[in-house]
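Observations on the three-dimensional arrangement
Next come the chains, spelled out residue by residue.
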Amino acid sequence: MTDKTANAMWGGRFAAGPDAIMEAINASIGFDKRLAQQDIEGSRAHAAMLAATGILNDSDVDAIRKGLLTVLSEIDGGSFQFSTALEDIHMNVEARLKELIGDAAGRLHTARSRNDQVATDFRLWVRGQCDAAIAGIEALMRALVDQAEQGADWVMPGFTHLQTAQPVTWGHHMMAYVEMLARDRSRFADARARMNESPLGAAALAGTSFPIDRHMTATALGFDRPMANSLDAVSDRDFALEFLAAASISAMHLSRFAEELVIWSSAQFRFVRLSDRFSTGSSIMPQKKNPDAAELIRAKIGRIFGANVALMMVMKGLPLAYSKDMQEDKEQVFDAADNLMLALAAMDGMVRDMSANREALERAAGSGFSTATDLADWLVRVLGLPFRDAHHVTGTLGGLGRTGRCRSARSDACADAGRPSRHHRRDFRCSRRA
């Protein structure tokens, strides 16, 4: 494509072709071609509205509609030739449409700017990703519930500081993640509800003088309503930031569970056995079975966090309304969405395939003095000791003291942690007589 052809899309404002470096930094077709379906969907709704309001005649709109369907089939079929010289998905689609239907293609952009066009396309795409994330989260929740029901009464140690704390059950532990994921699901649903407003009709920033029907296009695209302010409509990327924020929190939950699976599948714990489908071997150590899927989930989460911070940095200093900086919004969101969906799918597969070792869980639950709190509670409930005294007495039995010695004010009376001091023995004898 010649420089003259490339500049034809801009009209007569530019006489010279773009420098190769400028073309490279300006073009976004390498990544925003993922918006092709949304772009064509938005254009079809816009064209139908232009016909309904009498801005375009029916024959032009019919040609546009058929041409757009042809373009979409070419993109879906892999035969469409994307051009970097045409910068983005919008101009690529329009250029091909002109080849197919002639001058009618140029009328499609009536009462519309690339600013409200891209805002609409991107909002539609992110809205779809919210739906996909909710579906992925719900699938993982079902897998966790299945695990919880299978081991509802299987005793295992609960941990604080990764130290044995108190006994819980396998089912209770699995359901903790169900609760986290339920909050994740609600965050995506809330974000989706807030973003479900149509930017179309805002044009470049100040609307249009044509008598358009913004409610018609909003309804056609499944939006609840048009956006109220044209400046906000083209400059807002809160919807993308909310998606990234929800994705980051959900990813953090996945990473925490991945860490537990790495620990639990080790030879030192043997709490779970991960399936061969989500594990790998070692190139040198034949006995190894590595939890690579869990480790990769744990690592990929950083890319989602990074995308959130990166888009915040893009947006933090921009004046209203549109700036070219905002072209840098999509790659961050695309990458985060891809990695979130991959992590959800991998975690779903691991949870469905993994088997918990009931014997190892119960054995671990019986070690590490996991019922010490129950003993302290018994001393309070049955003997009426103040809890601090009961805590102290329990801590000195069997060497539970942090330093190995009695921590009471009269610690000099204790010979060692395994033999309570005289006043402790007296209290304990009284409790046994009771």
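Residues numbered from 1 in each chain as written. Predicted model: local features only at pLDDT ≥ 70, side-chain atom pairs only at ≥ 80, totals over all residues. Heavy atoms only, no water.

Comments concerning the packing of aromatic side chains
Worth spelling out the cut-off: For Phe, Tyr and Trp, rings pair up if their centres lie within 6.5 Å, where Trp contributes its six-membered ring, and each pair is then called stacked (planes under 30 degrees apart), edge-to-face (over 60) or tilted (otherwise). Helical segments are the DSSP runs of H or I of at least four residues, strand segments are the runs of E of at least two, and each set is numbered from the N terminus. Each residue is placed in one exposure class: buried if its accessible area under a 1.4 Å probe, protein chains only, is under 20% of its type's maximum, exposed if it is over 50%, and partly exposed if it falls in between.
Throughout the structure, instances matching the rule amount to 11 aromatic pairs. For the ring pair Phe122 and Phe334, a centre distance of 6.3 Å and an interplane angle of 85° mean the geometry is edge-to-face. Residue Phe122 is found in helix 8 (residues 114-150), and its partner Phe334 is found in helix 14 (residues 329-353); the two are separated by 212 residues along the sequence. Here Phe122 matches Phe334 in class, with each residue buried. Centre to centre, the rings of Phe188 and Phe243 are 5.7 Å apart; their planes meet at 55°, and the pair counts as tilted. Taken as a pair, Phe188 in helix 9 (residues 170-195) and Phe243 in helix 12 (residues 238-264) lie far apart in primary sequence, 55 residues in all. The buried category is assigned to Phe188, whose relative accessible area is 0%. Overall, the relative accessible area of 1% leaves Phe243 in the buried class. Pairwise contacts between aromatic rings join Phe159, Trp170, Trp264, Phe269 and Phe271 into one cluster.

A look at the confidence of the model for the chain
Rules: Every residue is assigned a pLDDT by the predictor, reflecting its confidence on a scale from 0 to 100. Only heavy atoms matter for contacts: two residues are in contact if any of them lie within 4.5 Å across the pair.
Averaged over all residues, the pLDDT of the chain is 88; the fraction at 70 or higher stands at 87%. Note on residues 401-434: pLDDT under 50 across the span, and 32 contacts to partners over four residues away in sequence or across chains.

What to know about the pattern of salt bridges
Keep this limit in mind: Put simply, a salt bridge is a Lys or Arg side-chain nitrogen that is within 4 Å of an Asp or Glu carboxyl oxygen.
Scanning all chains against the criterion turns up 23 salt bridges. Close ionic contact of Arg107 with Asp60 constitutes a salt bridge, the shortest N to O distance being 3.2 Å. Taken together, the residues Arg107 in helix 7 (residues 104-107) and Asp60 in helix 5 (residues 58-77) connect sequence positions 47 residues apart. With relative accessibility at 12%, the residue Asp60 sits in the buried group. The closest approach of N and O atoms between Asp276 and Lys289, which form a salt bridge, is 2.9 Å. Residue Asp276 is found in the loop between strand 5 (272-273) and helix 13 (292-315), and its partner Lys289 is found in the loop between strand 5 and helix 13; the two are separated by 13 residues along the sequence. Given a relative accessible area of 32%, Lys289 falls into the partly exposed group. One network of salt bridges, with partners in common, ties together Asp62, Arg65 and Lys66.

With respect to the nonpolar core
Quick note on the threshold: In plain words, nonpolar cores are sets of buried Ala, Val, Leu, Ile, Met, Phe, Trp, Tyr and Cys residues tied together by side-chain atoms within 4.5 Å.
Membership of the largest hydrophobic core comes to 91 residues, with the highest contact counts inside it found for Trp170, Phe188, Phe257, Trp264 and Met347. When near neighbours in sequence (up to four residues on either side) are disregarded, Trp170 contacts Gln147, Gly151, Trp154, Met156, Trp264, Val272, Met354, Ala356 and Leu361. Of all hydrophobic cores here, the second largest spans 6 residues; its members include Leu200, Ala218, Leu221 and Phe223.

Description of helix 9
For an α-helix, the turn length of 3.6 residues means that residues three or four places apart are oriented alike. Under the convention used in this document: Expected span of a helix: the number of residues minus one, times 1.5 Å.
Spanning 26 residues, helix 9 covers 38 Å between terminal C-alpha atoms, matching the ideal 38 Å at 1.5 Å per step. Buried within helix 9 are the following residues: Trp170, Gly171, His173, Met174, Tyr177, Val178, Met180, Leu181, Asp184, Phe188, Ala191 and Met195.

Some details on the environment of Ala27
Mapped onto the fold, Ala27 is located in the loop between helix 2 (20-26) and helix 3 (29-32). Residue Ala27 is classed as buried on the basis of its relative accessible area of 15%. In the structure, Ala27 is positioned 56 residues away from Ser83 in sequence and 9.3 Å away in space, judged by C-alpha atoms. Apart from the residues within four sequence positions on either side, Ala27 is in contact with Thr84, Glu87 and Gln327.

As for the packing of helix 8 against helix 9
So the rule is basically this: Lines are fitted to the C-alpha atoms to define the axes, a helix being fitted only along its stretch in contact, and any angle between axes, read from their N-to-C directions, falls within 0 to 180 degrees. Roughly parallel covers angles under 35 degrees, roughly antiparallel covers those over 145, roughly perpendicular covers 65 to 115, and oblique covers all other angles. It is the rotation of the near helix from the far one that decides the hand of a crossing: anticlockwise by less than a right angle makes it left-handed, clockwise makes it right-handed. For this classification, Asp, Glu, Lys and Arg are treated as charged, while Ala, Val, Leu, Ile, Met, Phe, Trp, Tyr, Cys and Pro are nonpolar and the rest, including Gly, are polar.
Where helix 8 meets helix 9, the closest approach of the two axes is 9 Å, and the angle between their N-to-C directions is 165°. Judged by the angle between their axes, helix 8 and helix 9 are roughly antiparallel. Here helix 8 and helix 9 pass one another in a crossing that is left-handed. Split into classes, the residues belonging to the contact of helix 8 with helix 9 amount to 20 nonpolar, 2 polar and 8 charged.

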